[in-house]
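Now for the letters of each chain:
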Amino acid sequence: MSAIGKVTTGFSKPYVAKYAVSGDSVSYTNLQNLARGVEVSIEPETSDASNFYADNIVAESIGAQFTGGTATITVDGLLQDAEKFIQGLPTAGEDGFIAYDNTQEAPNLGFGFIVRSMSGGTTYYTPVVLTKIVFDPLGNSAKTQEDEIDWQTQELKATIMRDDTSKQTWKFVGTDYTTESAAENALIVKLGGSI
């Protein structure tokens, strides 16, 4: 008997690219790998469903609609160039320090990643793109080393928005691929890169 569903088994290859819109078309530039992916959680926010009652029953209904959301992305840790890019940070001063101040302008970005899953004994890789996000200011957390290394990761939060086209798309999900490299290539192209 063949499988009738699939189970998620992994998350990898988080990418970001600068978002732009012209007319009814979204484009991306400055594609870069964010870091090594550990975990991702997408939490959509929705409006309430709207029901019309007639003859003492729900006669018509419009389901809840996407109004925004939050992405929580856990990575191994951002390199300085990636942090500067997603936070809109200025270049370092002569003393080598980067200022987190009023000149900081976090850009709108596209965010993509790959979800690994398994169905019927076959592994699949599916590219996913959130069309328009902006990252929240980053926090810091570090713990001293004790007898053994405590591997510490970095959690990023971002606001998910609809894009500025007439369709107001907020997410794209690609086809299932049987190799991660094929899914990554599709993701790269969707976010304005070339392979």
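A brief look at the structure comes next. (Residues numbered from 1 in each chain as written. Predicted model: local features only at pLDDT ≥ 70, side-chain atom pairs only at ≥ 80, totals over all residues. Heavy atoms only, no water.)

## Description of the pattern of salt bridges
Should the charged atoms of two oppositely charged side chains come close, the side chains can pair.
Argument step 1. Under the counting rule described, the total for this entry stands at three salt bridges.
Argument step 2. Measuring nitrogen to oxygen at the nearest pair gives 3.0 Å for the salt bridge that ties aspartate 176 to lysine 6. Of this pair, aspartate 176 sits in the loop between strand S10 (171-173) and helix H2 (180-190) while lysine 6 sits in the segment before strand S1 (7-22), placing them 170 residues apart in sequence.
Argument step 3. Classification of aspartate 176 by relative accessible area gives partly exposed; the value is 34%.
Argument step 4. Aspartate 164 is paired through a salt bridge with lysine 132; the nearest N and O atoms lie 2.9 Å apart. Of this pair, aspartate 164 sits in the loop between strand S9 (154-161) and S10 while lysine 132 sits in strand S8 (residues 122-135), and the two are 32 residues apart along the sequence.
Argument step 5. You can call aspartate 164 partly exposed: its relative accessible area is 40%. (Salt bridge = Lys/Arg side-chain N within 4 Å of Asp/Glu carboxyl O. Helix = DSSP H or I, 4+ residues; strand = E, 2+ residues; numbered from the N terminus. Buried < 20%, exposed > 50% of the residue type's maximum accessible area, 1.4 Å probe, protein only.)

## Considering the layout of surface pockets
Argument step 1. Approximately 330 Å³ is the volume attributed to the largest pocket.
Argument step 2. Along its surface, the largest pocket is lined by 14 residues, and Glu83, Gly139, Asn140, Ser141 and Gln154 are the ones closest to its centre.
Argument step 3. In this model, the second largest pocket occupies a volume close to 170 Å³.
Argument step 4. Every residue lining the second largest pocket is listed: Asp24, Val26, Tyr28, Val129, Thr131, Asp163, Thr165, Ser166, Lys167, Thr169, Phe172 and Lys190.
Argument step 5. Of all elements in the fold, only strand S2 (25-33) and S8 reach the threshold of two or more residues within the lining of the second largest pocket.
Argument step 6. When the residues that make up the lining of the second largest pocket are grouped by side-chain class, the tally is four nonpolar, four polar and four charged. (1 Å grid on protein atoms, 1.4 Å probe; cavity = no way out; pocket = protein on both sides within 12 Å on 5 of 7 lines; lining within 4 Å. Points joined across faces, edges and corners; volume = space filled by probe spheres on them. Nonpolar A, V, L, I, M, F, W, Y, C, P; charged D, E, K, R; others polar.)

## Some points on the nonpolar core
Argument step 1. By size, the foremost hydrophobic cluster in this structure holds 24 residues, and its most contacted members are Leu34, Leu78, Ile86, Phe135 and Leu156.
Argument step 2. Of all elements in the fold, only S1, strand S6 (66-75), helix H1 (80-87), strand S7 (109-119), S8 and S9 reach the threshold of two or more residues within this core.
Argument step 3. Those residues within four positions of leucine 156 in sequence are excluded, and the remaining contacts are Leu34, Ala71, Thr72, Ile73, Val75, Leu78, Ile86, Phe135 and Leu138.
Argument step 4. Membership of the second largest hydrophobic core comes to eleven residues, among which are Tyr125, Val129, Leu187 and Ile188. (Core = buried A, V, L, I, M, F, W, Y, C linked by side-chain atoms within 4.5 Å. Contact = heavy atoms within 4.5 Å.)

## Quick word on the packing of aromatic side chains
What describes a pair of aromatic rings is the distance from one ring centre to the other and the angle between the planes of the rings.
Argument step 1. Per the stated rule, a full pass over the model turns up four aromatic pairs.
Argument step 2. Consider the rings of phenylalanine 11 and phenylalanine 113, whose centres lie 5.6 Å apart with planes at 70°: the pair is edge-to-face. One end of the pair, phenylalanine 11, is in strand S1; the other, phenylalanine 113, is in strand S7, and 102 residues separate them in sequence. The same class applies to phenylalanine 11 as to phenylalanine 113, namely buried.
Argument step 3. Ring plane angle 35° and centroid distance 5.3 Å describe the contact between phenylalanine 111 and phenylalanine 113, whose orientation is recorded as tilted. Comparing phenylalanine 111 with phenylalanine 113 shows no difference in burial state: the two are buried.
Argument step 4. Among the aromatic residues, ring-to-ring pairing joins Phe11, Phe111 and Phe113 into one connected group.
Argument step 5. For lysine 190, the ring lying beneath its charged end belongs to phenylalanine 172, and the centroid distance is 3.8 Å. (Phe/Tyr/Trp six-rings, centres within 6.5 Å; stacked < 30°, edge-to-face > 60°. Lys NZ or Arg CZ within 6 Å of the ring centre and 35° of its normal.)

## Structural notes on unusual backbone geometry
Argument step 1. The phi angle at aspartate 55 is positive, at roughly 55°, despite the residue not being glycine.
Argument step 2. With respect to the helices and strands, the residue aspartate 55 is situated in the loop between strand S4 (50-54) and strand S5 (57-62).
Argument step 3. Backbone geometry at glutamine 168 places phi at a positive 50°, although glycine is not the residue there.
Argument step 4. Considering the arrangement of structural elements, one finds glutamine 168 in the loop between S9 and S10.
Argument step 5. On the basis of relative accessibility, which here comes to 41%, the residue glutamine 168 falls in the partly exposed class.

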